[in-house]
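Each chain is listed here by its residues.
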Amino acid sequence: MDLSNNEKRMLKALRSDGDQTWDLDSVLAACAWNDQAHVAGAGLALADKGLVEIETVSATHWGLGPEGVKAHSEGLLERRLFDFLIASEDKSMRAVQASGVASKQEVGIGVGLLKGLGFTLEQGAFVMPSEDMGVMLVARKSFIEQCADGVDENDLDADLLAHFKKRKGLIESTDATARTWRLSPAGSRISETDLEERLQVVQITPDLLQGEEWRHADFKSYDVNLAAPTPAGGRPHPMMALIERIRAIFLEMGFDELDGDYVQTAGWNMDALFIPQDHPAREMQDTFYTTNPKSIEIPQKHLDDWAAIHEHGGDTGSTGWGGSYSLDESRKGLLRTHTTVNTIRYLADNPDTPCRVFGIGRVFRKESIDRTHLPEFHQIEGIIMEPGASLPMLVTTLKTFYAKMGYPEVRVRPAYFPYTEPSLEIEVKWRGQWLELGGAGIFRPEVTEPIGCRWPVCAWGMGLERLAMLVLGLDDIRQLYISDLEWLRSQPLL
Ligand code: PHE
């Protein structure tokens, strides 16, 4: 049988008198322990192995309340009054009050106690009872002394207990359970040699290994299922970790990374993407326009091209949006509302080199903050421009990306964006539900022709925080940015 040293020691102690019922103190003494946790632990383990039987008895203990502590050092109120009345010539109520043996509040109670002892009040003076009060007073005093040491209810005089229970604050009870241990038949059958205590090694040290003792030692086994504290060291914010993971996936899929400025022009952010100048999303209540700079120059060539496309479709065969195009509107400064501004600028700079590029960047929209919206968030944007770039290629690329993220179920649905045709929405299945994560499509000729793109362009833009909500299982987007350390420390390493 596999027994720890404590278990061996306690079993040996109990075997010294197999018929005895052992209480805590007797086990402590027999084992030469002073920590009752040893008895509880070893006793429980021995009981689990059937070597010992435990009996639990619940008991009520009495101790002193705040008034009791006072009575213990200064004497009970009735005793103090009694002593005064014996000694004093003047036994009047007034004399008692003036004496200071009892406080103002105590006098009332004291009168009651004295009457209970047989005193009477005649014409304002106390008259001693004929029988002897001394015995009663001594009994009460020793009751208080018993309680001062803490005492089992069964060891107390029942009448006195009933009396003191009624008096406020003198005594207090606590419920305790006491255990006793007793050797079981199996415990007496264990052989003596099995009970020899051996060196128990919890931690292996160089000293131990250099000696010889370890050869006959017991090594404490590890329980890898036990709870252990989690060290809270520095670590990347979950959003940084997620961005790194997404970046790694696109790089591995052969994409280059691009970046851009937060401050852009309405021209690049919207006009270049054939977003009509009267589109509702361009209004002040949806977009943050800058006041400094209020307006930013754009090469005239682009402005002329966009004006032609917007007003009548330029050379693309499109009819455009009609109306008259405002160059000042184009020059307005704003905080970019989507990262598609990065990809369109990249294409304008590199129209005749096939490319696969992606970017992860912050965007700004005048949203009210709620469970699913933030005015600043991030998008994961990407394009493929090459001969033969097509819708199936776009869908496959997105599906591959989400599969690598751990979401193999992806579907696309028709959608509308002013700059793509066809346009689609990407949805991912999560906990049995389809969730919309972004938009995609093939850039329209109205977008690609003015900048001179040689080949079709597949483009997409997805919300990063939405994806983070899936990955981290959140139902409130704000959790990501409130710097809740408790939560941050408990997040998985992505
Ligand atoms: N810019 C779009 C958005 O912000 C996403 C998108 C990007 C759609 C590229 C089509 C093509 O939601």
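The structure this text deals with has already been given above.
Values in this document were obtained by computation on a predicted structure and should not be read as measured data.

### Regarding the pairing of strand β17 (residues 457-463)
Of all seven residues in β17, seven are buried; the element is thus mostly enclosed. Burial along β17 is two-sided: V457, A459, G461 and G463 and C458, W460 and M462, pointing in opposite directions, are all buried. Here strand β16 (residues 433-443) pairs with β17 via five bridges, running antiparallel. In the sheet register, I442 faces β17, and the bridge partner there is C458.

### Section: the sheet that holds strand β6 (residues 171-183)
Spatially, four strands are ordered β1-β6-β2-β5 in an open sheet, and the strand pairing comes out antiparallel. In this open sheet, the two strands that pair with only one neighbour each are β1 (22-23) and β5 (151-152). Together, β2 (52-64) and β6 form the strand contacts of helix α3 (residues 36-48), whose direction differs from that of β2 by roughly 150°.

### Comments concerning the pattern of salt bridges
Under the defined criterion, the tally for this structure stands at 26 salt bridges. Here D305 makes a salt bridge to K301, at a shortest N to O gap of 2.6 Å. Of this pair, D305 and K301 both sit in helix α14 (residues 300-312), four residues apart, which is roughly one turn of that helix. Given a relative accessible area of 24%, D305 falls into the partly exposed group. Linked by salt bridges that have partners in common, R411, R413, E425 and E427 make up one network.

### Here's the deal with the pairing of strand β15 (residues 420-430)
The buried count for β15 comes to eight of eleven residues, which makes it a mostly enclosed element. Two successive antiparallel strands, strand β14 (residues 410-414) and β15, enclose a turn made up of five residues. Alignment of β15 against β16, held across nine bridges, turns out to be antiparallel. Residue pairing across strands places W430 opposite Q433, the latter belonging to β16. With antiparallel pairing between neighbouring strands as the criterion, β15 and β16 make up a hairpin whose turn holds two residues, including R431 at a positive phi of roughly 50°.

Definitions and limits used
- Within any chain, residue numbers begin from 1 and follow the written order of that chain's sequence.
- Residue-level local features of this predicted model are given only where pLDDT is at least 70; pairs of side-chain atoms are given and counted only at 80 or more, and the full residue set underlies all totals for whole chains, interfaces and linings.
- Excluding hydrogens and water, the side-chain values take into account all heavy atoms of the structure.
- Think of it in three bands: residues with accessible area under 20% of the maximum for their type are buried, residues over 50% are exposed, and the middle band is partly exposed, with areas taken using a 1.4 Å probe on protein chains only.
- A run of H or I in DSSP counts as a helix once it spans at least four residues, and a run of E counts as a strand once it spans at least two, with each numbered from the N terminus.
- Criterion used throughout: strands pair if DSSP finds at least two bridges between them.
- Any two residues whose heavy atoms approach within 4.5 Å at even a single point are treated as in contact.
- A fitted line through C-alpha atoms serves as each axis, taken over the contacting stretch for helices, and the angle formed by two N-to-C directions is quoted from 0 to 180°.
- Should a side-chain nitrogen of Lys or Arg be within 4 Å of a carboxyl oxygen of Asp or Glu, the pair is scored as a salt bridge.

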